[in-house]
Amino acid sequence: MLTVHHLGKSQSERIVWLCEELGIPYELKRYTRDPVTMLAPAEYKALHPIGAAPVITDADLLLAESGAIVDYIMAKYGNGRLVLGPDQPGFAQFLYWFHFANGTLQAGMGRLMILNRLKLAQDNPMLVATRTRVDRAFDLVDARVRDAEYLAGDTFTTADIMMGFSLTTMRYFQPYDLSRCPNVVNYLGRIGARAAYRRAMEKGDPGMALLLS
């Protein structure tokens, strides 16, 4: 059986959510972060050489990287759901936003998190440039969901699952004020209303406040 090794407050929530959206059978194994360091426990780090979430096992397969895992699950279990093909109008947008999550937004927030921990002066050029880049990324998302219900258009896809973590739980690690992005807040309201999302978060991170605004 497909097993999702879920580290609390991590990108592996994407995989739990995907499985719930697809309604496929899976086993969920939960791991708790160290309360002091907020790092993964040793048993999670031992799962894969990279030592980071997410990780899945499926029979003899061991796979990491959330984008790769999403693609694997969709290819093997998706039956064409939650993705768009090249003959559909939103195909390019689907691809763009799927990769924007980790390629631009998540990467920028991660760099900003590290720079903030260095206690740099607020006018430090690298800090200012990184903060500006993150603002531009959020502005781009805000403009997109002003004009479309979901990132690929009218249809919910795995692009929304990939972006969901970056817009919500990632803000536990790098806070971001969404008051400047009202369309993102409305979009997250639509995401938060999805039964599969609610089930996934309750199963994976019970009791965690959902940063939907």
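The model shown is predicted, which means the values in this text are computed figures rather than measured ones.

Caption draft 1: Looking closely at the packing of helix 4 (residues 91-117) against helix 6 (residues 158-167). Contact pair helix 4 / helix 6: the axes reach a minimum separation of 8 Å and the direction vectors enclose 15°. Between helix 4 and helix 6, the interaxial angle falls into the category roughly parallel. Helix 6 is crossed by helix 4, and the crossing has left-handed handedness. Where helix 4 approaches helix 6, its residues Phe-94, Trp-97, Phe-98, Phe-100, Ala-101, Asn-102, Leu-105, Gln-106 and Met-109 are matched on the opposing element by Thr-158, Ala-159, Met-162, Met-163, Phe-165, Ser-166 and Leu-167. Counted by class, the contact of helix 4 with helix 6 contains 12 nonpolar, four polar and no charged residues.

Caption draft 2: Representation of the packing of helix 1 (residues 13-22) against helix 3 (residues 66-78) in the model. For the pair helix 1 and helix 3, interaxial distance at closest approach is 10 Å and the crossing angle is 15°. For the element pair helix 1 / helix 3, the angle class is roughly parallel. For the element pair helix 1 and helix 3, the recorded crossing hand is right-handed. Contact residues: Arg-14, Ile-15, Leu-18, Cys-19 and Leu-22 in helix 1; Ser-66, Ile-69, Val-70, Ile-73, Met-74 and Gly-78 in helix 3. Grouping the constituent residues of the contact of helix 1 with helix 3 by class yields eight nonpolar, two polar and one charged.

Caption draft 3: View of helix 5 (residues 125-147). Spanning 23 residues, helix 5 covers 33 Å between terminal C-alpha atoms, matching the ideal 33 Å at 1.5 Å per step. Every buried residue belonging to helix 5 is among Leu-127, Thr-130, Val-134, Ala-137, Phe-138, Val-141, Asp-142, Arg-144 and Val-145, and all of these are buried. On its buried side, helix 5 packs onto helix 4, helix 6 and helix 7 (182-192). Backbone nitrogen of Met-126 and a side-chain oxygen of the N-cap are separated by 3.0 Å at the start of helix 5; the cap is Asn-124.

Caption draft 4: The arrangement of helix 6 in detail. With 10 of 10 residues buried, helix 6 is to be regarded as a mostly interior element. Along helix 6, the residues classified as buried are Thr-158, Ala-159, Asp-160, Ile-161, Met-162, Met-163, Gly-164, Phe-165, Ser-166 and Leu-167. Buried positions along helix 6 lie against helix 1, helix 3, helix 4, helix 5 and helix 7.

Caption draft 5: Up close: the pattern of salt bridges. With the rule as written, the count across this model stands at seven salt bridges. For Glu-21, the salt bridge identified is with Arg-194, shortest N-O distance 2.8 Å. Placement of the pair is Glu-21 in helix 1 and Arg-194 in the loop between helix 7 and helix 8 (195-204), with a sequence separation of 173 residues. Glu-21 gets classed as buried once you look at its relative accessible area, which sits at 17%. Since its relative accessible area comes to 21%, Arg-194 is described here as partly exposed.

Caption draft 6: Structural view of the nonpolar core. One finds Ile-73, Phe-138, Met-163 and Leu-167 to be the most contacted residues of the largest nonpolar core, which totals 56 residues. If you tally residues by element for this core, the top one is helix 4, at nine residues. If near-sequence neighbours (up to four positions away) are discounted, Phe-138 is found in contact with Leu-105, Met-109, Leu-167, Tyr-176, Leu-178, Arg-180, Cys-181 and Val-184.

Quick notes on the rules
- Residues numbered from 1 in each chain as written.
- Predicted model: local features only at pLDDT ≥ 70, side-chain atom pairs only at ≥ 80, totals over all residues.
- Heavy atoms only, no water.
- Axes fitted to C-alpha atoms, helices over the stretch in contact; angles between N-to-C directions.
- Helix = DSSP H or I, 4+ residues; strand = E, 2+ residues; numbered from the N terminus.
- Parallel < 35°, antiparallel > 145°, perpendicular 65-115°, else oblique.
- Left-handed = near helix turned anticlockwise from the far one by under 90°.
- Contact = heavy atoms within 4.5 Å.
- Nonpolar A, V, L, I, M, F, W, Y, C, P; charged D, E, K, R; others polar.
- Expected span 1.5 Å × (residues − 1).
- Buried < 20%, exposed > 50% of the residue type's maximum accessible area, 1.4 Å probe, protein only.
- Polar contact = N/O pair within 3.5 Å; in protein donor to acceptor, adjacent residues only side chain to side chain.
- Salt bridge = Lys/Arg side-chain N within 4 Å of Asp/Glu carboxyl O.
- Core = buried A, V, L, I, M, F, W, Y, C linked by side-chain atoms within 4.5 Å.

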